[in-house]
Amino acid sequence: MDHRIARALVPFGILVIIPDYRNFPKVNIKGMVDDVDMSIQWVLDHVEEYGGDGKRVVLVGQSAGAHIGGVVVAKKVLDWIRQQQHQQQQSYQRGQGDNEEDCRHLKSKFSPQQLCGFITTSSPHNLVTMRSVFHRHGLSASVQRSIFGGISGSNDYDDDLNDDTIKSVATGDDMDVFEAWSPYHLVKKCQSEYITLISEGNTNRNNNDNESIDQLKDIFPKLCVIHGTADKTVPVEEAIEFLSLLSNLQIPALSKMYPGWSHTDPILEKPMLGNHLYHRDIYEMVRLWTCGSDIVSDEGLGFCIG
């Protein structure tokens with residue numbers, strides 16, 4: 001995101017904080033995620049010093065920023081689930097569980113429920129299916145492995161990489177690495193670990209009373225997925241398939257597809273031409289999530305509800 005969204009939202013009383021993160025080759029994806037994670041922690045800790053409200057923070061990301069934000073949100077959900085597992089172990093094994101900090105993916109202390117919502121725009125949600133797309137845009141297989149921490153594979157295939165060669169060259173280690181930084185796969189992992197948490201709770205209690213454990217959908221912040229249908233950098237199928245996954249897992253999400261819009265139209269070309277539809281949609285979502293349904297209803301926003 002850049003100054004345009006701040007210029008659009010600040011006049012309407014919305015405080016906008018735009019953190020940056022280190023990029024490749026200075027760091028790989030882990031460093032980028034750590035930067036965004038700690039920037040969110042900083043905002044929650046200091047936003048009131050700038051006239052903001054720490055209980056009404058919405059995360060917004062576009063393209064790579066949306067991808068990194070999605071990784072942070074999913075890993076925070078995993079951290080929350082593992083914290084609950086740790087507490088169960090402490091309770092039922094007389095305090096002989098692992099150190100709680102050793103179970104965390106991220107360094108920050110905030111919980112995912114502290115975010116009012118997360119708006120992801122033009123994001124590559126599934127890194128595995130995006131590998132061939134990245135290659136067509138000039139990121140060779142070896143560069144992708146460097147960015148995302150892959151440890152295997154042959155560079156001999158870089159010149160003619162496609163979907164088939166990706167499947168034949170990539171080892172299990174490669175796939176595991178890409179899935180580890182893929183919001184799509186991380187959300188699936190949240191579901192599997194949540195099921196484990198519930199089953200372990202049932203076993204320890206010898207009954208089915210898990211009222212103290214939130215449903216998975218309640219652990220995530222509110223979600224909104226936005227994408228342009230003519231996006232050639234990140235195909236719109238990325239958004240469609242991610243929304244389908246959320247729906248299958250009963251995690252509600254709002255969505256909006258901009259007909260004919262490219263990858264950068266929401267943040268660059270359209271605003272420069274005076275079309276602030278994207279900015280208006282961000283504004284309306286922030287109002288909905290931070291001011292309550294009595295101010296504006298999601299049915300009146302023109303978003304799909306899933």
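All figures in this text were calculated on a predicted structure; none of them were measured in a lab.

(A) Spatial organisation of the confidence of the model for the protein chain. Scored by pLDDT, the protein chain comes out at a mean of 85, with 79% of its residues at no less than 70. pLDDT under 50 marks residues 207-211. Its contacts with residues more than four places away, or in other chains, come to seven contacts.

(B) How the structure looks around the packing of aromatic side chains. The full count for this structure, using the stated rule, is six aromatic pairs. Judged by centre distance (6.0 Å) and plane angle (45°), the ring pair of tryptophan 42 and tyrosine 50 falls under tilted. On the accessibility criterion, tryptophan 42 (36% relative accessible area) is partly exposed. A relative accessible area of 51% places tyrosine 50 in the exposed class. The structure contains a cluster of three or more aromatic residues connected by ring pairs, namely Phe134, Phe148 and Phe178. Taking NZ or CZ as reference, lysine 76 lies 4.5 Å from the ring centre of phenylalanine 110, over its face. Seen from the ring of phenylalanine 178, arginine 131 lies directly overhead, with NZ or CZ sitting 4.0 Å from the centre.

(C) Main features of helix H12 (residues 277-291). Across its 15 residues, H12 extends 20 Å between first and last C-alpha, which sits within 8% of the 21 Å expected from 1.5 Å per residue. Counted residue by residue, H12 has eleven buried out of 15 residues, so it is predominantly covered. Here H12 has its buried residues at Tyr278, His279, Asp281, Ile282, Tyr283, Glu284, Met285, Val286, Leu288, Trp289 and Thr290. As for H12, its buried residues are in contact with helix H1 (3-9), strand S1 (57-62), strand S2 (115-121), strand S3 (222-228), strand S4 (253-258) and helix H11 (265-272).

(D) Quick peek at the environment of valine 77. Looking at the secondary structure, you find valine 77 in helix H3 (residues 64-92). For the pair valine 77 and leucine 216, spaced 139 residues apart in sequence, the C-alpha separation works out to 8.7 Å. Not counting residues within four places of it along the chain, the set of residues in contact with valine 77 comprises Pro112, Cys190, Leu216, Ile219 and Phe220.

(E) Representation of the pattern of salt bridges within the structure. The final tally for this structure, using the stated rule, is eight salt bridges. We note a salt bridge from arginine 287 to glutamate 284, for which the minimum N-O separation is 3.4 Å. Remark: glutamate 284 and arginine 287 occur in helix H12; sequence separation between them is three residues, near one turn of the helix. Overall, arginine 287 belongs to the partly exposed group, its relative accessible area being 23%. Each of Arg280, Glu284 and Arg287 takes part in one network of salt bridges that share partners.

(F) Representation of the nonpolar core. Val187, Leu216 and Phe220 are the most contacted members of the largest nonpolar core, which has 55 residues in total. Looking at which element gives the most residues to this core, the answer is H3, with nine residues. Residues in contact with leucine 216, not counting those within four places in the same chain, are Val77, Ile81, Cys190, Gln191, Tyr194 and Ile251. Formed by 20 residues, the second largest nonpolar core is a distinct cluster that contains Leu9, Val58, Leu254 and Trp261.

What counts and what doesn't
Counting starts from 1 at the beginning of each chain's written sequence and moves along it residue by residue. Two thresholds apply to this predicted model, a pLDDT of at least 70 for residue-level local features and 80 or more for giving and counting side-chain atom pairs, whereas whole-chain, interface and lining totals are computed over all residues. The basis for every side-chain value is the complete set of non-hydrogen atoms in the structure, without hydrogens or water. Across the chain, each position has a pLDDT score giving the predictor's confidence in that residue, from 0 to 100. Here, two residues are considered to be in contact whenever any of their heavy atoms come within 4.5 Å of each other. Centres within 6.5 Å make a pair out of two Phe, Tyr or Trp rings, where for Trp the six-membered ring is used; the pair is then stacked when the planes are under 30 degrees apart, edge-to-face when over 60, and tilted otherwise. Residue exposure (1.4 Å probe, protein chains only): buried if accessible area is under 20% of the type maximum, exposed if over 50%, otherwise partly exposed. Note on criteria: charge over ring means Lys NZ or Arg CZ within 6 Å of the ring centre, with the direction from the centre no more than 35 degrees off the ring normal. Numbered from the N terminus, helices here are DSSP runs of H or I no shorter than four residues, and strands are runs of E no shorter than two. Helices are assigned an expected span. That span is 1.5 Å times one less than the residue count. Any carboxyl oxygen of Asp or Glu that lies within 4 Å of a side-chain nitrogen of Lys or Arg is treated as forming a salt bridge with it. Only buried residues count toward a nonpolar core. Its members are Ala, Val, Leu, Ile, Met, Phe, Trp, Tyr and Cys residues joined through side-chain atoms within 4.5 Å.

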